[in-house]
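Each chain is listed here by its residues.
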Amino acid sequence: MSPALPQIYTFAFDSGEQPSIGRLGGKCNSLAIMTSAGMPVPPGFAVTTDAFDKVMDGTGLRQRILEILADLNVHDVADVAEVERRAEHVRELILTQEIPDDVREEVVSAYRALMEHCGGEVAVAVRSSATAEDLPDASFAGQQDTYLWIVGEHNVMHKIRECWASLYTARAITYRLSNSIPDEGLSMAVAVQKMVNSRSSGVAMTLDPQTGDRTKIVVESSWGLGEMVVSGEVTPDNFLLDKVMMTVVTRAISHKGEELVPNGRGGIVRRAVAEDRAGAPSLSDDELMAVARLAKAAEKHYGRPQDIEWAIDADLPAGGNVLLLQARPETIWSPKSTTNTITITSKGSGIAAIATSMLSSLGIR
């Protein structure tokens, strides 16, 4: 699916070109690296920060936004209504700004190439990938928008705009103010990626988030799309595995009463889970081991503990149906380690945990 000519405003994940956070943001950079490493990542491309910057700088939009936000400071975050008023103004400017022809043409061309690669029009995920995700001591996970089951180039282009605009929600503006993160130079890439038909999905972490024990892998899983796990809307099944022996130490199967599934019309719907499935494991033992191996492979590749999002595609046969959606460094315990680090590709944790004590890192990969 890679375009034959060098691209400025798009970057196919399988292009073979060297990715960088500056052009791709944390999420897209990670997806490109994982694809090049042969990991099972759904195909897609990034709309690069070059596109965002041209829209912002080539039209004078960035300067207008800086003026709107200029006199906000950390003391203003308590005035929720005022922050929201300015945020809405900024987002409206972004959503109504004309996209330059060369940017639009290249993005549409990349989208059509992806559809051809997939054998016809399929639904995609459109996901924000901000460069600010990777600032030290900051966690931007979940702050910018993700849109699922989007069909058609017109809808995809609109969702790309909405991802750009999500840099300026009241929540994101408040976070940057509170953490002294300047808006100058802020940029965003956007991932456009084939949507996975998730029978089950969730997160996995290559250490125990409760203790920091790097000899363990924790997997959380539920039915349908993984957003309900990441957001905490459903109590997932929880599995604790020994990373060396690859055996299950503990398992807790929860009652998973709801799931998010495609509605067949390019969207998703929340529905009740039948009682016999609600209390059943959302992963077989073979699938659990496949997820754990995938998480372990991501940790080995990146050289540090990882927090991954994964899915089991209902359209694919057993043995090839476990897909990696995202990998990012674990950020609660890893910064306390004395081991060497590598370039950070994104921030955040998909498993909710409060770390109250620290055990020495065992350096296991």
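Below is a summary of the structure that appears in this document. (Residues numbered from 1 in each chain as written. Predicted model: local features only at pLDDT ≥ 70, side-chain atom pairs only at ≥ 80, totals over all residues. Heavy atoms only, no water.)

1. Section: the overall build of the protein
Part 1 of the argument: Of regular secondary structure, the protein possesses 10 helices and 13 strands.
Part 2 of the argument: The buried share of the protein, taken over its 365 residues, is 53%.
Part 3 of the argument: In the protein, of all internal contacts separated by at least 6 residues, the share reaching a separation of at least 24 is 68%.
Part 4 of the argument: Put simply, the protein shows about 15700 Å² of open surface, and 52% of that area lies on carbon and sulfur atoms. (Helix = DSSP H or I, 4+ residues; strand = E, 2+ residues; numbered from the N terminus. Buried < 20%, exposed > 50% of the residue type's maximum accessible area, 1.4 Å probe, protein only. Contact = heavy atoms within 4.5 Å. Areas by Shrake-Rupley, 256 points an atom, 1.4 Å probe, with all protein chains shown as cover.)

2. Some details on the pattern of salt bridges
Part 1 of the argument: Overall, the coordinates contain 23 salt bridges when judged by the stated rule.
Part 2 of the argument: Between Glu17 and Arg23 there is a salt bridge whose closest N-O contact spans 3.3 Å.
Part 3 of the argument: With relative accessibility at 41%, the residue Glu17 sits in the partly exposed group.
Part 4 of the argument: The closest approach of N and O atoms between Arg91 and Glu84, which form a salt bridge, is 3.3 Å.
Part 5 of the argument: Given the relative accessible area of 27%, Glu84 is considered partly exposed.
Part 6 of the argument: Overlapping salt bridges, with partners in common, bring together Asp71, Glu82, Arg85 and Arg86 in one network. (Salt bridge = Lys/Arg side-chain N within 4 Å of Asp/Glu carboxyl O.)

3. So, the packing of aromatic side chains
Part 1 of the argument: Enumeration over the complete set of coordinates arrives at 1 aromatic pair.
Part 2 of the argument: Taking NZ or CZ as reference, Arg176 lies 5.3 Å from the ring centre of Tyr168, over its face.
Part 3 of the argument: A cation over a ring is seen here: Arg277 above Trp223, with NZ or CZ 4.4 Å from the ring centre. (Phe/Tyr/Trp six-rings, centres within 6.5 Å; stacked < 30°, edge-to-face > 60°. Lys NZ or Arg CZ within 6 Å of the ring centre and 35° of its normal.)

4. A look at the nonpolar core
Part 1 of the argument: Val47, Val124, Val126, Ile160, Trp164, Tyr168 and Val192 are the most contacted members of the largest nonpolar core, which totals 45 residues.
Part 2 of the argument: Element by element, the count of residues in this core is highest for helix H5 (residues 101-117), at 7 residues.
Part 3 of the argument: Apart from residues lying up to four places away in sequence, Tyr168 is in contact with Met56, Ile65, Leu69, Ala87, Val90, Arg91, Ile94, Ile173, Arg176, Asp183 and Leu186.
Part 4 of the argument: Core analysis: the second largest hydrophobic core is formed by 32 residues, Phe13, Leu31, Leu283 and Val291 among them. (Core = buried A, V, L, I, M, F, W, Y, C linked by side-chain atoms within 4.5 Å.)

5. Description of the sheet that holds strand E5 (residues 188-194)
Part 1 of the argument: Taken together, 5 strands build an open sheet; the order of strands is E1-E2-E5-E3-E4 and the sheet is antiparallel. Unpaired on one side and paired on the other, strand E1 (10-12) and strand E4 (146-150) mark the two borders of the sheet. Each neighbouring strand pair of the sheet contributes to a mean axis angle of 20°, computed without reference to strand direction.
Part 2 of the argument: In the sheet, E1 pairs with strand E2 (residues 44-47) via 3 bridges, with the strands oriented antiparallel. Bridge assignment links Ala12 to a residue of E2, and that residue is Phe45.
Part 3 of the argument: In this fold helix H1 (residues 21-36) packs onto E1, E2, strand E3 (124-130) and E5, with an angle of close to 130° to the strand it touches most, E3. (Pairing = 2+ DSSP bridges. Axes fitted to C-alpha atoms, helices over the stretch in contact; angles between N-to-C directions.)

6. Concerning the pairing of strand E7 (residues 216-223)
Part 1 of the argument: Judged by how many residues are buried, E7 sits mostly within the fold: 8 of 8 residues are covered.
Part 2 of the argument: Where strand E6 (residues 198-205) lies against E7, 6 bridges are found, and the strand directions are antiparallel. Its bridge partner being in E7, Val203 is matched across the sheet by Glu220.

7. Let's talk about the packing of helix H4 (residues 80-96) against helix H6 (residues 153-165)
Part 1 of the argument: In the contact formed by H4 and H6, the axes pass within 9 Å of each other and the chain directions differ by 150°. As the angle between them shows, H4 and H6 are arranged roughly antiparallel. Both H4 and H6 take part in a crossing whose hand is right-handed. Facing Arg91, Ile94, Leu95 and Thr96 of H4, the residues of H6 in contact are Arg161, Glu162, Trp164 and Ala165.
Part 2 of the argument: Looking at the contact of H4 with H6 residue by residue, the class counts come to 4 nonpolar, 1 polar and 3 charged. (Parallel < 35°, antiparallel > 145°, perpendicular 65-115°, else oblique. Left-handed = near helix turned anticlockwise from the far one by under 90°. Nonpolar A, V, L, I, M, F, W, Y, C, P; charged D, E, K, R; others polar.)

8. Here we look at the sheet that holds strand E9 (residues 247-252)
In sheet architecture, strand pairing relies on hydrogen bonds along the backbone and comes in two forms, parallel and antiparallel.
Part 1 of the argument: Pairing in this open sheet of 6 strands is antiparallel, and the strands run E9-E8-E7-E6-E12-E13 from one edge to the other. With one partner strand each, in any of the chains shown, E9 and strand E13 (322-329) form the two edges of the open sheet. Mean inter-strand twist for the sheet, computed between neighbouring axes without regard to direction, equals 20°.
Part 2 of the argument: Two strands pair when backbone bridges link them, and strand E12 (residues 306-313) and E13 are joined in this way by 7 bridges, in the antiparallel orientation. Its bridge partner lying in E13, Trp310 is registered against Leu324.
Part 3 of the argument: Seen against the sheet, helix H10 (residues 285-302) touches E6, E7, strand E8 (237-242), E9, E12 and E13 and runs at an angle of roughly 140° to E12.

Shape is all these values report; function is a separate question.
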